[in-house]
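Summary of structural features
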Amino acid sequence: MERADIVQAREEWRRVQDETPCEHLVFLDESGAKTNMTRLYGRAPLGERCFDHAPDGRWKTVTMLSSIRLDGTTECLVFAGALDRRTFEAYVKESLAPALKEGDVVVMDNLRAHKSPTAQQAIAARGARVLFLPAYSPDLNPIEKMWSKVKQLLRGFKAWNTDELFTAIGQALDKVTASDAKGWFASCGYSNFQS
């Protein structure tokens, strides 16, 4: 059973989905990647086992912070360590804000770092505004689907040191297409876009 306040917030979000042109929506989120990522499944001829190699021992973790638009374009920052407010503000000021257009709507989850007044001012200075998703609503955020594709590609690239991982993340993001983004937006309930 869902809490009444969350049900109401999700119902109110439907208005945003119906009224906001998807071309103006910019979804933002972060995810992690590690230097031990490898494919989880494989195929082999009938009756034979599937073998592969995976690193053991120590691995490194990086944070990927990105946005995605309906046309599939992204603004990404990759760094070692966890996201904090200072890093988030730098990303918004240096990467995201310069790519925003007047009338854009930056959509984020309710992470504390996302609530930065400095970041919100940088977004507003570009003529854009910020909306926060209802709590517990990753299903309303198309960037979650982008991260799924990126991580699947990273497993195939097998980048087992940080330099390789940074390069692989760029290659994976280059494979995000406008067609992907349109499908992800539509599957999350955003269908207010030009065909």
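Residues numbered from 1 in each chain as written. Predicted model: local features only at pLDDT ≥ 70, side-chain atom pairs only at ≥ 80, totals over all residues. Heavy atoms only, no water.

Right, let's talk about the packing of aromatic side chains for a bit. Summed over all chains, the structure comprises three aromatic pairs. Members of the aromatic cluster, each reached through a chain of ring pairs, are Phe 27, Phe 185 and Tyr 190. Lying across the ring of Phe 132, Lys 115 places its NZ or CZ 4.6 Å from the centre. (Phe/Tyr/Trp six-rings, centres within 6.5 Å; stacked < 30°, edge-to-face > 60°. Lys NZ or Arg CZ within 6 Å of the ring centre and 35° of its normal.)

Turning our eyes to something else, we now look at the environment of Gly 81. The topology assignment puts Gly 81 in the loop between strand 3 (74-80) and helix 2 (85-99). Between the C-alpha atom of Gly 81 and that of Thr 61, which follows or precedes it by 20 residues, the distance is 7.0 Å. Excluding residues within four positions of it along the chain, Gly 81 makes contact with Thr 61 and Thr 63. (Helix = DSSP H or I, 4+ residues; strand = E, 2+ residues; numbered from the N terminus. Contact = heavy atoms within 4.5 Å.)

An order of 3-2-1-4-5 is seen for the five strands of this open sheet, with the pairing classed as mixed. Looking at which strands have only one partner, the edges of the open sheet turn out to be strand 3 and strand 5 (129-132). Neighbouring strand axes in the sheet, compared pairwise and without regard to direction, differ in orientation by 25° on average. (Pairing = 2+ DSSP bridges. Axes fitted to C-alpha atoms, helices over the stretch in contact; angles between N-to-C directions.)

Two elements in contact, helix 4 (residues 143-157) and helix 5 (residues 162-174), have axes separated by 9 Å at closest approach and are oriented at 130°. What the angle tells us is that helix 4 and helix 5 run oblique. Considering only the axes of helix 4 and helix 5, their crossing is right-handed. Contact with helix 4, carried on its side by Met 146, Val 150, Leu 153, Leu 154 and Phe 157, involves Leu 165, Ala 168, Ile 169, Gln 171, Ala 172 and Leu 173 of helix 5 and no other residues of that element. Class assignment of the residues belonging to the contact of helix 4 with helix 5 gives a composition of ten nonpolar, one polar and no charged. (Parallel < 35°, antiparallel > 145°, perpendicular 65-115°, else oblique. Left-handed = near helix turned anticlockwise from the far one by under 90°. Nonpolar A, V, L, I, M, F, W, Y, C, P; charged D, E, K, R; others polar.)

Let's shift gears to the nonpolar core. Counting 34 residues, the largest nonpolar core has Met 146, Val 150, Leu 154, Ile 169 and Tyr 190 as the members making the most contacts within it. For this core, the secondary structure elements donating two or more residues are helix 1 (4-19), strand 1 (25-34), strand 2 (61-68), strand 4 (105-108), helix 4, helix 5 and helix 6 (178-187). Those residues within four positions of Met 146 in sequence are excluded, and the remaining contacts are Ser 66, Ile 68, Thr 74, Leu 173, Val 176 and Trp 184. Residues Phe 79, Phe 88, Tyr 91 and Ala 113 belong to the second largest nonpolar core, which totals 19 residues. (Core = buried A, V, L, I, M, F, W, Y, C linked by side-chain atoms within 4.5 Å. Buried < 20%, exposed > 50% of the residue type's maximum accessible area, 1.4 Å probe, protein only.)

On to the side chain of Ser 67, then. Along the chain, Ser 67 falls in strand 2. In contact with Ser 67, other than residues within four places in its own chain, are Val 26, Phe 27, Leu 28, Thr 73, Thr 74, Glu 75, Tyr 91, Leu 96 and Ile 143.

Turning our attention to helix 2. Between its terminal C-alpha atoms helix 2 stretches 20 Å, which fits the 21 Å expected from 15 residues at 1.5 Å a residue. The principal kink in helix 2, of about 40°, is found at Val 92. Among the residues of helix 2, Phe 88, Glu 89, Tyr 91, Val 92, Leu 96 and Ala 97 are the ones counted as buried. (Expected span 1.5 Å × (residues − 1). Bend = angle between axes of the 7 residues up to and from the residue.)

A separate point is unusual backbone geometry. The residue Tyr 136 is not glycine, and still its phi comes out positive at about 55°. For Tyr 136, a relative accessible area of 64% puts it in the exposed group. One non-glycine residue, Lys 158, lies in positive phi territory at about 50°. When you line up the elements, Lys 158 lands in the loop between helix 4 and helix 5.

Our next topic: helix 1. A rise of 1.5 Å per residue sets the reference length of helix 1, with its 16 residues, at 22 Å; its end C-alpha atoms lie 23 Å apart and thus fit the reference within 8%. The secondary structure elements touched by the buried residues of helix 1 are strand 4 and strand 5.

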